[in-house]
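Here is how the chains run, residue by residue.
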Amino acid sequence: MQASKNKNTQKAEPFYRLSVPQPTSSEIINEARNVLRTLRTRRPFTPTDDQRKLFGSGSSRAPQNRPPSVFSLHASSFDVTESRPVSGVRLSPLDHKKVMSINLNQQCALATKKRANGILESFGSSIASRFGRAILPLCSALKPILVTFTKDEDSSICLPKPPADATEVRKVNSARARLFRRTSQGNFLSAKMVSPDQNEENPDSEEPSMKSNLCRSNDNCLAEQRSHTPFNDDSRQLICNEHISRLEREDFLKGTTGTFFFQLGGESDQMKKPGTSSSWPRSTGWKRKVTGLKDETRLDKSEEEEIFWHRKILPILHELEKEDDIENLCLACTKLYQALSEGNMLGKRFKRRSVLLKTLYKLVDVDSDPLCLKLAKIILAMKVDGKNLLSVCKLAFKICRNEENDGVIQNDKLLDCLLEVLRTEDLHKNHEALLYCMGAIKFMSGNAVLLNEMVNKGAIEMFLQLMKQINNNTKGNDIYFSKLGHLLVQLTATLRNLAELPPARQQLICRGAAAELCVALEQRKCDRDVCTYIIRIFSKLSSYDDFCAALADCSRCYMVFLALLNKHQKQQDLVIRIIFILGNLTEKNNQAREQFFKERGSVNTLISLFQTYHELDLDAQKSYHEGGGEERKHPKHPSEAEDVLIKLIRVLANLSIHPSVGAALAAAPRIVELLVTVLEYKSVDDCEELVINAATTINNLSYYKVESSAVQDKKIHIAEMLLKLLMSNNMDGVVEAVRVFGNLSQYHEICDFIIQKKIYKFMIALLDAKSQDVCFSACGVLLNLTVDENKRALLMEEGGIGKLVDCLEDFGPTDWQLACLICKTLWNYSENMTSVASCFGEDTDTLLVLLTSLLDEELVLDYSLNRDLRDYHRLYWEREFKPVAEKLLHRLQSHHSFPL
């Protein structure tokens, strides 16, 4: 900056004068270096609960108003009736014609069987013994046909007549009753369940165990359907694969043959030959029931499932019923899960599902977490619902509550099952089960390995989807709203743990977590637990610039934060984190500063908080002293009230960076008064960060010269408080006090105060500091002092000129901003000099040589630096240092008594 000439006197003006509308010293300093400074502070400490509970020890929920964390679980907690398999086919109601056709078909089947028995009896015992093994099971294997009536077929279908003899009908009914009794009595896993190999020993049996089991799982008795099917004498004979040779059967059970199937007798070979014709029955109903591809596939799968059940699953269930050793039970459960997965029997459509689950439920009574873990995994994989889903989620919760189980939980992949529950289960129907499921996942998130596993398995997306569902199902302050709040506590607590991981943070940003969390926060303002966890998430993530920018884009967040501060003003743990978040938002984002300031009641809320916690701090200090306690010496951590004030003042300091906001805050008497009060009753030894933050904020506000500036009104009192800080042994406090004096020394009253209190000597002494920042601040004060002609001679005291020259030599080539400030100070000092020697004394020659060297571009600009850094140095050298240094060198040379 070049010195301007006064048109009347033609004298060089000093670089700073209040009455002239030109850049002030503080503005000059601000151009060169950021005088208005934002503040950083530590993130509030978050304690961890000693025990894993559904709701932490600090929960605001009364015990009677929240679900329990401790409960007992037994086999009776599960309901076997809810475990029956669900049919995948939706059946439409039958009309009376169809019901009639079913009855006629059953009667037809009885007549067919009767005729077959009569034929065998007429052939004699020898023939009967030869063909009975094939014909009678054949009659049992055939299924009834559902005959439908159409206008065209009514006259062409001839239905067999039902047996006229009433005793025959009674025989049929009694046989059906015996069949149902056999399939419904006894233990599920009793010896009456015969394996396929056992069935081979009695080929004449019309009701093998396999058919009995299928019958039990179907409301329409499948055994009856198989044993009463119309048979066409003219068609090819049907042969059931249940009656293949013993050798083929053994091969099949070893896995070398295909599934059970029906084929026409003699057709298997003929159909492979091209051109071979077959005499299929012409009835469309017959084709649809016997040869339909879909029905055959379903039959094959059913028979295949039966074989797999008897070969693989049933032996394991027997082992689970008989075994007492925990380790062997766990091993059996592992084999069971693998077998069910191999047989594609996990889920709801497994026919033997109720038998399996009943066995597993009984094992819950065994007091073993490793065993219950394996049971929970299988039961969850079976897709239970209702009461059973709630009970198994409680079981998983109980297991995860014990931190010692984390190792086995990692190995058994319970997390996958619980995440599947969150993904598939209905929120309205199963919100209580989801509560304990989410609680178990929350416990898992306390383990670093499981926490990383959640991120890798896409858990964050599931959690945010669940949160969105909860947010969209808000119904006001009703019971359902409250229950969803319990679930939201578990969800947000888990997200808080996930926020520690960098990959999780990126996913939270990409998936819009900031906006969804703000919605939940706005809806749950009265739920302190939910608010606390969400605020903790923001407190952690807002420390990072990318998430802070995403949160700043949620325009309603400022309104929500202010509403929470007003509602929970004395909840220190909540208030301090909200203030910390606001400090992060306003640290680097000028738009955020403006948005928050424009929110209705923002400044009044900050003032109210300041007043509240200032009074709490005063009361704490008073009680401490009255109790006979000694002064705290270098406390490791500030008190709770002090910590709130530290972070609150930081928000004010960051807001004051914005020009219009800063000017408005400087004109707010209550804010300035509270800041000065901190300097009055607190020493830097009591709470260093609080006092330094207050001084920094005063420095920022003192930058603005507005007509109604409260800083200007209290400038003398502020200077007196700063003097106490200046004389302390805390170097950070000294530097901050010097910075404030740099702005306040614009006023003549402050300059007089500096001279009166000998503060200028302290500023000169600071020039010896080996810190560029300290020298820079001290030069700012000395620059303003040299504006007054009567005060310029003070630089000769304490060796001020020599120290300025030394600073220029030491820091000039690396800090052109500081070099510029030193030259401006020397320019003001030498305004009325008559000779260089009398003005600068023995430092004259050193100063002349130094200025000449520093103005040599080739010499001082290091071209070995990278281009960006070189351009940065060139910018400040050309724009700031060079103009002032050239003027100063010309003045020195013109007043020198001999040429160089």
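First, a word on what this report is: a plain description of the structure on this page.

**Quick notes on the state of the cysteines**
Right, on to step 1. In the structure shown here, the tally under the stated rule is zero disulfides.
Right, on to step 2. Its sulfur unpaired, C417 is 9.8 Å from the next cysteine sulfur, which belongs to C437.

**What to know about the pattern of salt bridges**
Right, on to step 1. Within this structure, the stated rule accounts for 29 salt bridges.
Right, on to step 2. The salt bridge partner of D643 is K647, with a shortest N-O separation of 2.6 Å. Separated by four residues within a single helix, D643 and K647 lie in helix α30 (residues 640-655), roughly one turn from each other. Each of the two residues, D643 as well as K647, counts as buried.
Right, on to step 3. R792 is the salt-bridge partner of E831, the closest N and O atoms lying 2.5 Å from each other. In this pair, E831 is assigned in the loop between α41 (816-829) and α42 (836-840) and R792 in the loop between α39 (772-785) and α40 (800-811), connecting sequence segments 39 residues apart. Residues E831 and R792 agree in their burial class; the two are buried.
Right, on to step 4. Among the charged side chains, a network of salt bridges with common partners joins K383, E420 and R423.

**What to know about the packing of helix α20 (residues 459-472) against helix α21 (residues 479-498)**
Right, on to step 1. Running from amino to carboxyl end, α20 crosses α21 at an angle of 150 degrees, the nearest separation of the two axes being 11 Å. Comparing their axes, α21 and α20 come out roughly antiparallel. Along this stretch, α20 crosses α21, giving a crossing that reads as left-handed. On the side of α20, the interface is formed by I460, F463, L464, L466, M467 and I470, while α21 contributes L484, L487, L488, L491, T492, T494, L495 and L498.
Right, on to step 2. Here the residues of the contact of α20 with α21 are counted per class, giving twelve nonpolar, two polar and no charged.

**A few points about the nonpolar core**
Right, on to step 1. Of all hydrophobic cores here, the largest spans 235 residues; its most connected members are F561 and F741.
Right, on to step 2. Top element by residues in this core is helix α18 (residues 431-444). It accounts for ten residues.
Right, on to step 3. Leave out the neighbours within four places in its chain, and F741 touches A719, L722, L723, L726, I750, F753, I754, I759, M763 and V781.

**A closer look at unusual backbone geometry**
Right, on to step 1. Positive phi is not limited to glycine here, since K383 has a value of about 60 degrees.
Right, on to step 2. For K383, the position within the fold is in the loop between α14 (369-381) and α15 (386-400).
Right, on to step 3. By relative accessible area, K383 is classed as partly exposed at 28%.

**A closer look at the packing of aromatic side chains**
Right, on to step 1. Taken as a whole and assessed by the stated rule, the structure comprises nine aromatic pairs.
Right, on to step 2. A centroid spacing of 4.4 Å and a plane angle of 15 degrees characterise the contact between F78 and Y361, whose relative ring orientation is stacked. Here F78 is found in the loop between α1 (25-32) and α2 (96-123), whereas its partner Y361 is found in helix α13 (residues 353-363), with 283 residues between them in sequence. Each member of the pair F78 and Y361 is classed as buried.
Right, on to step 3. Ring geometry for W816 and F881: centres 5.0 Å apart, planes at 45 degrees, overall tilted. Of this pair, W816 sits in helix α41 while F881 sits in helix α45 (residues 867-894); the two residues are 65 residues apart in sequence, bridging distant segments of the chain. Take W816 and F881: they sit in the same class, and that class is buried.
Right, on to step 4. Put simply, the rings of F397, Y436 and F443 pair up and form one aromatic cluster.
Right, on to step 5. Across the ring face of F481, the terminal group of R524 is positioned such that the distance to the ring centre comes to 3.7 Å.

Scoring rules and cut-offs
- Residues numbered from 1 in each chain as written.
- Predicted model: local features only at pLDDT ≥ 70, side-chain atom pairs only at ≥ 80, totals over all residues.
- Heavy atoms only, no water.
- Disulfide = S-S within 2.5 Å.
- Salt bridge = Lys/Arg side-chain N within 4 Å of Asp/Glu carboxyl O.
- Helix = DSSP H or I, 4+ residues; strand = E, 2+ residues; numbered from the N terminus.
- Buried < 20%, exposed > 50% of the residue type's maximum accessible area, 1.4 Å probe, protein only.
- Axes fitted to C-alpha atoms, helices over the stretch in contact; angles between N-to-C directions.
- Parallel < 35°, antiparallel > 145°, perpendicular 65-115°, else oblique.
- Left-handed = near helix turned anticlockwise from the far one by under 90°.
- Contact = heavy atoms within 4.5 Å.
- Nonpolar A, V, L, I, M, F, W, Y, C, P; charged D, E, K, R; others polar.
- Core = buried A, V, L, I, M, F, W, Y, C linked by side-chain atoms within 4.5 Å.
- Phe/Tyr/Trp six-rings, centres within 6.5 Å; stacked < 30°, edge-to-face > 60°.
- Lys NZ or Arg CZ within 6 Å of the ring centre and 35° of its normal.

By themselves these figures say nothing about function.
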